[in-house]
Amino acid sequence: MAERSFAAEVELLKLGEGETFTGEGILAVTKALLQSGVAYVGGYQGSPISHLMDVFADANDLLASLGVHFEASASEATAAAMLAASVNYPLRGAVAWKSVVGTNVASDALSNVASGGVTGGALVIVGEDYGEGSSIMQERTHAFAMKSQMWLIDPRPNLPSIVDAVEQAFRLSEASNTPVMLELRVRSCHMTGSFVAKDNRRPAMTVDEAAAAPVRDTSRIVLPPANFLHEVEKVEKRWPAGIAFVQENRLNEWFGPEEGEVGLIVQGGLFNSLNRAMELLGLSDAFGAARLPVYCLNVTYPLIPDEVAAFCRGKRAVLVLEEGQPEFIEHELNTLVRRADLQTRIVGKEVLPRAGDYTAHVMAQGLRTFLTEWQPALDLPDLSIAPLPAPVAAQIPQRPAGFCTGCPERPVFTSMKLLERELGPTHVSADIGCHLFSILPPFNIGNTTMGYGLGTAGASAFKPKDKRAIAVMGDGGFWHNGLTSGIGNAVFNKDDTVTVIVDNGYSAATGGQDILSSRAENRARTTRHPIETAVRGIGAGWVRTIDRTYDLKRMMAALREAMTSPERGPKIVVAQSECMLNRQRREKPRVRKAMSEGKRVVRERFGVDPDTCTGDHSCIRLSGCPSLSIKPNPDPLRRDPVAHVDNSCVGCGLCGEVSHAAVLCPSFYRASIVANPGRWEGWWKALRSRLILGLQKRDARVRAARGF
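Residues numbered from 1 in each chain as written. Predicted model: local features only at pLDDT ≥ 70, side-chain atom pairs only at ≥ 80, totals over all residues. Heavy atoms only, no water.

(A) Looking closely at the overall build of the protein. When you go through the protein residue by residue, the secondary structure sums to 26 helices and 24 strands. Along the first, second and third principal axes, the C-alpha atoms of the protein reach 100 × 65 × 60 Å. Across the 708 residues that make up the protein, the buried fraction comes to 52%. Restricting the contact set of the protein to residue pairs at least 6 apart, pairs at least 24 apart contribute 77%. Element-wise, carbon and sulfur atoms account for 55% of the exposed surface of the protein, whose accessible area totals about 32,500 Å². (Helix = DSSP H or I, 4+ residues; strand = E, 2+ residues; numbered from the N terminus. Buried < 20%, exposed > 50% of the residue type's maximum accessible area, 1.4 Å probe, protein only. Contact = heavy atoms within 4.5 Å. Areas by Shrake-Rupley, 256 points an atom, 1.4 Å probe, with all protein chains shown as cover.)

This is how it looks when you write it as structure tokens:
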């Protein structure tokens, strides 16, 4: 069950010639692929293109009706390997993943396909996760494109430009026999807009037809001597063909006047922010009517020497707006300008930040500094926008990322924290996924993380004699990479480590997509393959499965046994409980429907008796649930605030269990909220209410008589 269903929006993908398509950027990309006659698509979910994979899955029937093959790939490497279909056959194919982490995983397959080249159009759609809102290391796709000589398209953030970029990317790939990368930033993926649709096209050749007529060309395989010829082909054939196509089809764009003392060169994906910055300085309007010459690089690699020379000629200076570092584009522009024997000064990072998100405000500040030096005649306004004053910022409490309310992974780390009191601290090798939130308060568990599914591999270097290292891995990471690189490696090397595999039933961190071990029904995929079966099949002998992580006693007992067992070799604890977000997505609509139909519905909630609560807050320290907070103590003789459970509680019960070191705290109570109760339940409620009210009145009279 994915985070969001696109079943309704899939109908938009059926629009034909001349009809207006209105929707999100990811939907527009899917429509553009269908209009381009794509033969196969695949990929691995990850922000900001997770929903692109969800759209593919929801549109599976439409794709099949057009003869398009879709794969929900096991990893980015699996997806990249699909591009092999375009090497010898005129098949247009597209794969997608989150960059740069996904590109790193896919690098082996990408290097091979980039070396041998392609016959059909090969498109790699990468979700560029740089800057504001990023969840990964701050790196860019640009370096990989340069390294493997794959063309990189960075379209202006509007739907017509994105759709055109997809269609042109296939043509560019075919014209130059080179794979093309199309980067979509966070804002581009989720922006809404419109474009005029075209008819969907069946692929000129389907994957079935290609398989029926196999083609063998050893010159495309990366093996001596062909691999040496590939390098020559890249330089003498593919590179000139790529540059010629970009130039002839004017994939890059120009805005503002043709002449000027200064000019601006900007990555396509940053154009909207640049235009807003120019608005702030009175140099443009909302529709892009710039007063300065602007050269917009919708293709950031390769750069087009003739276009660069033509734009820079006659200008004293040009400002390059290139987000991130190193400044690849700025370096190459300097080279191209020198080769053209131009005296134009290339300005970039000297007036703009070397790293970080280039917001409109950041760009406006850099642009004003640039223009003040190189075109002082312009009357520029003072920027009234200023960063948040430090004293005010210091008063705003931090909000670190954390587990959702009722998350079944929370008790896993509660158990580890409690066990740490008995056995002392140990090295914990963390992994990518929701469980990585354990490194933050209140758990503060986790020493290192090396990549998706690499938790166990990261622990393999630690072989202390008296204390085992612990590795944590999610079920998504397990099937992505961890089964072989982690568990298989540990079995082979007899690593005496403990691995906790958090099995919440989905690839939860990327949006709740189904995986091999999901217990959910999936008509298009096969599920319900237990993780324990897989790890035992690869040779692991010591395996324990806990089928309810909220049972702290069992959870702690399994971890304690794993840490203290005399048996040598890897020990695996599979901690199972369904992702609470996915459970709520399924349960809430069912409950609402039942309530609207007048059916009896019982919901469980937990609360805290403020008169009983001691105010030690162990429930918060060992749980950290967002539904747990504090409120003033009702007893005037006690100053410590008491714990409080708000209405977001989902009734998992962990908060009560962890209180007083995993002994149920007497201040916690469980309440059953009944909607549409029966006649007898209503009668009993009325009786209890009258009885409680009577006791309260009597207590009030006694207090008054005693002078309280």
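(B) Highlighting the packing of helix H14 (residues 305-312) against helix H15 (residues 328-339). Closest axis-to-axis distance for the H14/H15 pair is 10 Å, and the angle between their directions is 75°. Between H14 and H15, the interaxial angle falls into the category roughly perpendicular. Of the residues in H15, those in contact with Pro 305, Val 308 and Cys 312 of H14 are Leu 333, Leu 336 and Val 337. Residue composition of the contact of H14 with H15, grouped by class: six nonpolar, no polar and no charged. (Axes fitted to C-alpha atoms, helices over the stretch in contact; angles between N-to-C directions. Parallel < 35°, antiparallel > 145°, perpendicular 65-115°, else oblique. Nonpolar A, V, L, I, M, F, W, Y, C, P; charged D, E, K, R; others polar.)

(C) Inspection of unusual backbone geometry at higher detail. Residue Val 100 follows Ser 99 across a cis peptide bond; omega there is 10°. Along the chain, Val 100 falls in the loop between strand E4 (93-99) and helix H6 (101-105). In this structure, Pro 442 follows Pro 441 across a cis peptide bond, with omega equal to 5°. Positioned with a positive phi, Asn 444 is a non-glycine residue whose angle comes to about 55°. By the element assignment, Asn 444 lies in the loop between strand E15 (428-430) and strand E16 (448-449). Unlike most non-glycine residues, Arg 528 shows phi in positive territory, near 65°. Along the polypeptide, Arg 528 turns up in the loop between strand E18 (498-503) and helix H21 (531-537). By relative accessible area, Arg 528 is classed as partly exposed at 48%.

(D) Inspection of the nonpolar core at higher detail. Ranked by internal contacts, the top residues of the largest apolar core, which has 93 residues, are Leu 33, Leu 110, Leu 123 and Ile 125. Tallying contributions element by element places helix H9 (residues 159-176) first for this core, with eight residues. Here Leu 110 is in contact with Ala 80, Leu 83, Trp 97, Thr 103, Val 124, Phe 144 and Met 150, once residues within four sequence places are set aside. In terms of nonpolar packing, the next biggest core, distinct from the first, is built from 31 residues, Ala 290, Val 351, Leu 371 and Leu 378 among them. (Core = buried A, V, L, I, M, F, W, Y, C linked by side-chain atoms within 4.5 Å.)

(E) Region of the structure containing the pattern of salt bridges. With the rule as written, the count across this model stands at 34 salt bridges. One salt bridge connects Asp 154 with Arg 185, and the closest N-O pair in it is separated by 2.6 Å. Residue Asp 154 is found in the loop between strand E6 (151-153) and H9, and its partner Arg 185 is found in strand E7 (residues 180-185); the two are separated by 31 residues along the sequence. Of the two residues, Asp 154 and Arg 185, neither departs from the other in class, the shared state being buried. (Salt bridge = Lys/Arg side-chain N within 4 Å of Asp/Glu carboxyl O.)

(F) Representation of a nonpolar patch on the surface in the model. A surface patch of nonpolar side chains, about 500 Å² in accessible area, is lined by Trp 680, Trp 683, Trp 684 and Leu 687. Within the element layout of this structure, Trp 680 appears in helix H26 (residues 679-706). With relative accessibility at 64%, the residue Trp 680 sits in the exposed group. (Patch = residues over 30% accessible without salt bridge, like charges linked within 9 Å, V, L, I, M, F, W, Y side chains within 5 Å.)

(G) Local environment of the sheet that holds E6. Taken together, seven strands build an open sheet; the order of strands is E3-E2-E4-E5-E7-E6-E12 and the sheet is mixed. In this open sheet, the two strands that pair with only one neighbour each are strand E3 (69-72) and strand E12 (299-301). In this sheet, adjacent strand axes meet at a mean angle of 20° when their direction is disregarded. As defined by bridge partners, strand E2 (residues 40-43) adjoins E4 across four bridges and the pair is classed as parallel. By the bridge assignment, Val 41 is partnered in E4 with Ala 94. The strands touched by H9 within the sheet are E4, strand E5 (122-128), E6 and E7, with E7 carrying the most contacts at an inclination of about 160°. (Pairing = 2+ DSSP bridges.)

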